[in-house]
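Below are the chains, spelled out letter by letter.
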Amino acid sequence: MKMEYSINLTQEQKLVMTQEMQMSIKMLQMSVNDLREYIDKEYEENPILDMKDNNQEKSSISEDKVMDKYDYKEMVKYFEFDNYGAQSYGSYDEEEVSPFNFISEMKSLKEYLHEQLMELSIDEYTKEIGDYIVENLDHRGYLECDLKDICEELKISLDKGEEVLKIVQDLEPYGIGARNIIECLLIQLDKLALDDDIMVEIVKNHLEDIAENRYVVLGKKLNISPREAQRYGDVIKKLEPKPSRGFYTGEEVKFIIPDAAIREIDGEFIIIMNDSVIPRLSINKTYKQVINNDDNAKASEYVKEKLNKALFLIKSIEQRRSTLYRVLEKIIERQKEYFKKGHNYLKPMTLKEIAEELEVHESTVSRAIKDKYISTDRGTVKIKDLFRVAVSSRNEDLGVIKIKNTIKEMIDSEDKKKPLSDQFICDRLKEDGMNISRRTVAKYREELGIKSSSKRKRL
């Protein structure tokens, strides 16, 4: 039997450093609370890390494992033991075992989506892009940043990005990965086989009529009866505008810890980063002895792996801090009047403008400010609330907060026996150069927690 040998060249697409990229993204958008929990978890799982917290230095390698003489046999046992994870396997008496040891953490939406991607019959390259997209979903389950930015970050074509996003949008719960409410509802209609032409037309162009129960008007627009229009409306109202509902999304509020404080000192605004909350990480010197020990290749390989993870963790924490600091610098440049005089002086400012000045992607700025707060002389402020889109005006651009404050002042001073209607407020704002619609007035009023005029009326 003749044996033949041949060499075949194959080309394989691969995303380099995908896990590291995902880790960096996660840490950039973490709140202080989440970051502290993440660091604690990494510290427990990585014996290379040392952590200094509250002026007390701790080592993740316990003293009985690392002696001055460096007992390498003991160290290898420790490393092999650590491969099982952070759970403690010490011996317990039956009476000492707590039922709380067996309670698992809530499964998050992203974990559920990652699991579904893992089970799909698609190549690893596509799965990695899908995982990256999942990490960019917001607390509603929507894709919060531009797909084009993601494609540029991953150095893939927009066509490939659209292809993988479609895969993510095929996952459960239906509506996940949508870029807006319309796409979210259309995905659900498609999955439920309810996407006839009239239904799609209503979702694309007539959601306001459904929200206001204007079925007679809608029927005339679509040349159908009001009863039929209402049936369509009833179906649409049963869809889920927030597909993440029912999953843990990390949005539950624990307590607020500002990432930084902005203080005016001698006429200048200074950024003071809240470094006291984040422990200082360093590398345990013992690893050098293990790596240099030629007699134990297994321990050396293990330490190198943990060392790389530790170094990347330290680098990512510093990068998160640096990015946020730079963003805050630009915010101060644009919003000095706000920090001096208050909400009425908040100027229009967009993520895109800050991103262009910093020469980074808009998505980077969005992640950097996500779930983060700053302490100011006027209280604790969510950074995201400082970004407002300009509103058309005869005299100058006005921030949304200024308009809201004007609406609130008008309602606070109204005659409660004859409360002001949204249309009256709208007309008054236009007289003052704030050209917004009655519907926008109603939206801002609701966001302020103020009831409609009929419900504010007092006899």
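Residues numbered from 1 in each chain as written. Predicted model: local features only at pLDDT ≥ 70, side-chain atom pairs only at ≥ 80, totals over all residues. Heavy atoms only, no water.

### Description of helix α18 (residues 400-412)
Now for step 1: The first and last C-alpha atoms of α18 sit 18 Å apart over 13 residues, in line with the 18 Å expected at 1.5 Å per residue.
Now for step 2: Within α18 the residues assigned to the buried category are Val400, Ile401, Ile403, Lys404, Thr406, Ile407, Met410 and Ile411.
Now for step 3: Those residues of α18 that are buried lie in contact with α19 (422-431), α20 (438-447) and α21 (453-456). (Helix = DSSP H or I, 4+ residues; strand = E, 2+ residues; numbered from the N terminus. Expected span 1.5 Å × (residues − 1). Buried < 20%, exposed > 50% of the residue type's maximum accessible area, 1.4 Å probe, protein only. Contact = heavy atoms within 4.5 Å.)

### Re the sheet that holds strand β6 (residues 373-376)
Now for step 1: The four strands are arranged β4-β3-β6-β7 in an open sheet whose pairing can be described as mixed. The open sheet has two edge strands, β4 (268-273) and β7 (379-382), and neither has a second partner. Put simply, the sheet's adjacent strands are angled 25 degrees from each other on average, direction ignored.
Now for step 2: Here strand β3 (residues 260-265) runs beside β6; their pairing, made up of two bridges, is parallel. Across the sheet, the residue bridging to Ala260 is Ile374, located in β6.
Now for step 3: Against the sheet, helix α14 (residues 297-334) makes contact with β3, β4 and β6, and its axis sits at roughly 160 degrees relative to β4, the strand it touches most. (Pairing = 2+ DSSP bridges. Axes fitted to C-alpha atoms, helices over the stretch in contact; angles between N-to-C directions.)

### A few points about the packing of α18 against α19
Now for step 1: The interhelical angle for the contact between α18 and α19, taken along N-to-C directions, is 125 degrees, at an axis separation of 11 Å. When the interaxial angle is binned, α18 and α19 end up oblique. For the pair α18 and α19, the sense of crossing is right-handed. Contacts between α18 and α19 involve Ile403, Thr406, Ile407, Met410 and Ile411 from the first element and Ile425, Arg428 and Leu429 from the second.
Now for step 2: Residue classes in the contact of α18 with α19 are distributed as six nonpolar, one polar and one charged. (Parallel < 35°, antiparallel > 145°, perpendicular 65-115°, else oblique. Left-handed = near helix turned anticlockwise from the far one by under 90°. Nonpolar A, V, L, I, M, F, W, Y, C, P; charged D, E, K, R; others polar.)

### Concerning a negative patch on the surface
Now for step 1: On the surface, Asp146, Glu152, Glu356 and Glu362 cluster together to form a negatively charged patch.
Now for step 2: As for its position among the elements, Asp146 is in the loop between α5 (124-134) and α6 (147-154). (Patch = residues over 30% accessible without salt bridge, like charges linked within 9 Å, V, L, I, M, F, W, Y side chains within 5 Å. Areas by Shrake-Rupley, 256 points an atom, 1.4 Å probe, with all protein chains shown as cover. Salt bridge = Lys/Arg side-chain N within 4 Å of Asp/Glu carboxyl O. Lys, Arg positive; Asp, Glu negative; His and termini not counted. Charge placed at Lys NZ, Arg CZ, Asp CG, Glu CD.)

### Comments concerning the environment of Met30
Now for step 1: Position of Met30 among the secondary structure elements: in the loop between α1 (18-29) and α2 (32-45).
Now for step 2: Classification of Met30 as buried rests on a relative accessible area of 12%.
Now for step 3: Taking the C-alpha atoms as reference, Met30 lies 8.2 Å from Arg367; in sequence the two are 337 residues apart.
Now for step 4: Once residues lying within four places of it in the same chain are set aside, the contact partners of Met30 are Leu35, Tyr38, Arg320 and Lys372.

### Description of the side chain of Ser366
Now for step 1: Tracing the chain through its elements places Ser366 in helix α17 (residues 362-369).
Now for step 2: The exposure class of Ser366 is buried, given its relative accessible area of 17%.
Now for step 3: Sequence-distant contacts of Ser366, that is, excluding residues within four places in its chain, are made with Glu144 and Leu351.

### Looking at a nonpolar patch on the surface
Now for step 1: On the surface, Tyr174, Leu192 and Leu194 cluster together into a nonpolar patch covering about 240 Å² of accessible area.
Now for step 2: If you trace the backbone, Leu192 turns up in the loop between α8 (181-191) and α9 (197-205).
Now for step 3: Since its relative accessible area comes to 44%, Leu192 is described here as partly exposed.

### Some thoughts on the confidence of the model for the protein chain
Now for step 1: Per-residue confidence for the protein chain gives a mean pLDDT of 78, with 77% of residues at or over 70.
Now for step 2: Across the protein chain, the secondary-structure element scoring lowest on mean pLDDT is helix α3 (residues 72-82), at 37, and the one scoring highest is helix α7 (residues 158-169), at 93.
Now for step 3: Here residues 54-105 is a poorly scored stretch, pLDDT under 50, and it has 53 contacts once near neighbours within four places are set aside; other chains count.
Now for step 4: In the predicted structure, residues 391-398 sits below a pLDDT of 50 and forms 22 contacts with residues beyond four places in sequence or in another chain. (pLDDT = per-residue confidence, 0-100.)

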